[in-house]
Amino acid sequence: MSIFTPTNQIRLTNVAIVRMKRAGKRFEIACYKNKVVSWRDKVEKDIDEVLQTHTVFTNVSKGQVAKREDLVRAFGTEDQTEICIKILAKGELQVSEKERHQQLESMFRDIATVVAEKCVNPETKRPYTVGLIERGMKDLHFSVKPTRSTKQQALEVIRQLKEKDIMNIEKAMMRIKIMLPSKEARKVKDKVTQLAKTVENESWDGDLEMVILIDPGVYRELDDVVKKGTKGKGTIEVLSLKDVEEGDERLE
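Now for a quick tour of the structure.

Each value, and the rule that gives it
- Residues numbered from 1 in each chain as written.
- Predicted model: local features only at pLDDT ≥ 70, side-chain atom pairs only at ≥ 80, totals over all residues.
- Heavy atoms only, no water.
- Salt bridge = Lys/Arg side-chain N within 4 Å of Asp/Glu carboxyl O.
- Buried < 20%, exposed > 50% of the residue type's maximum accessible area, 1.4 Å probe, protein only.
- Core = buried A, V, L, I, M, F, W, Y, C linked by side-chain atoms within 4.5 Å.
- Helix = DSSP H or I, 4+ residues; strand = E, 2+ residues; numbered from the N terminus.
- Contact = heavy atoms within 4.5 Å.
- Pairing = 2+ DSSP bridges.
- Axes fitted to C-alpha atoms, helices over the stretch in contact; angles between N-to-C directions.
- Parallel < 35°, antiparallel > 145°, perpendicular 65-115°, else oblique.
- Nonpolar A, V, L, I, M, F, W, Y, C, P; charged D, E, K, R; others polar.

## Quick word on the pattern of salt bridges
Side-chain pairing between opposite charges can occur once the charged atoms of the two side chains come close.
Phase 1 of the analysis: Applying the stated criterion to the full structure yields 16 salt bridges.
Phase 2 of the analysis: In this structure, Arg 26 and Glu 28 form a salt bridge, with 3.5 Å as the shortest nitrogen-oxygen distance.
Phase 3 of the analysis: Judged by relative accessible area, Glu 28 falls into the buried class, the value being 2%.

Below you can see the structure in the form of structure tokens.
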């Protein structure tokens, strides 16, 4: 999209429009594509890298600039940069149908990728391919929500795949090694065992060494139990993020 402003005839290219309706009026700003999300995620901090111009429009495409009195009425100020930042924070990013479709397709695959990375078949301990997860999502008729994070939606997909019995799937376990000083070991061991899915190994050599499998969701609680129970003397080490057999290939 190429746009001319009537004030200076500068050609604006690669434009992303952010729109906000306020006080009965429509206000728009012209931004660089891919920079709006970076600004909102606090990755980009330079406003000049986001805004193509510090001008508030009523219609960017037609180059129609907002009137001063309308800005004051809607935002309580005529400071264009301040208003641009407000619109950037809470306005609606405008995208074409083609861009929206591409965005949803990309997000669909990103969600499937997160699920594939976090899950295994509990019977074989093998991970699924991204393609197989995508087929499962299609069987669910899963609808991507652009306003929710990929991680949130991946957790929802895992829940639905299990509840509706589409796939035999479980979140992959974390393999953890724990060292407990002999003085506190017996007291802390019981709490550690309660949090573990499986105790793979346990050895006493003065101190207690344990290798366990846990759900990733209890890692912080386990870390807290070990630190507080041993007054900071115990250690916890992640050996692997997945309960996957060495050399196993992904399930097709």
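## A closer look at the nonpolar core
Phase 1 of the analysis: Ranked by internal contacts, the top residues of the largest apolar core, which has 22 residues, are Ile 111, Val 115, Ile 133, Met 137, Val 157, Met 167 and Ile 169.
Phase 2 of the analysis: Elements with a contribution of two residues or more to this core: helix H4 (97-118), helix H5 (130-140) and helix H6 (150-163).
Phase 3 of the analysis: Top contributing element to this core by residue count: H4, with seven residues.
Phase 4 of the analysis: Val 157 has contacts with Ile 111, Val 115, Met 137, Leu 140 and Phe 142, leaving out every residue within four places of it along the chain.
Phase 5 of the analysis: Counting 19 residues, the second largest nonpolar core, distinct from the first, contains Cys 31, Ile 83, Cys 84 and Ile 87.

## Description of the pairing of strand E3 (residues 15-22)
Phase 1 of the analysis: Sheet topology note: the E3/strand E4 (residues 25-32) ladder contains eight bridges and is antiparallel. Within E4, the position partnered with Ala 16 by the bridge is Cys 31.
Phase 2 of the analysis: Where E3 hands over to E4, the hairpin turn is made up of two residues, of which Ala 23 adopts a positive phi near 55 degrees.
Phase 3 of the analysis: In the sheet, E3 pairs with strand E7 (residues 92-94) via three bridges, with the strands oriented antiparallel. By the bridge assignment for E7, Val 18 is matched with Leu 93.

## Digging into the packing of H5 against H6
Phase 1 of the analysis: As a packed pair, H5 and H6 sit with axes 10 Å apart at the nearest point and diverge in direction by 70 degrees. What the angle tells us is that H5 and H6 run roughly perpendicular. Taking contact as the criterion, the partners of Gly 136, Met 137 and Leu 140 in H5 are, on H6, Val 157, Gln 160 and Leu 161.
Phase 2 of the analysis: Split by residue class, the contact of H5 with H6 holds four nonpolar, two polar and no charged.

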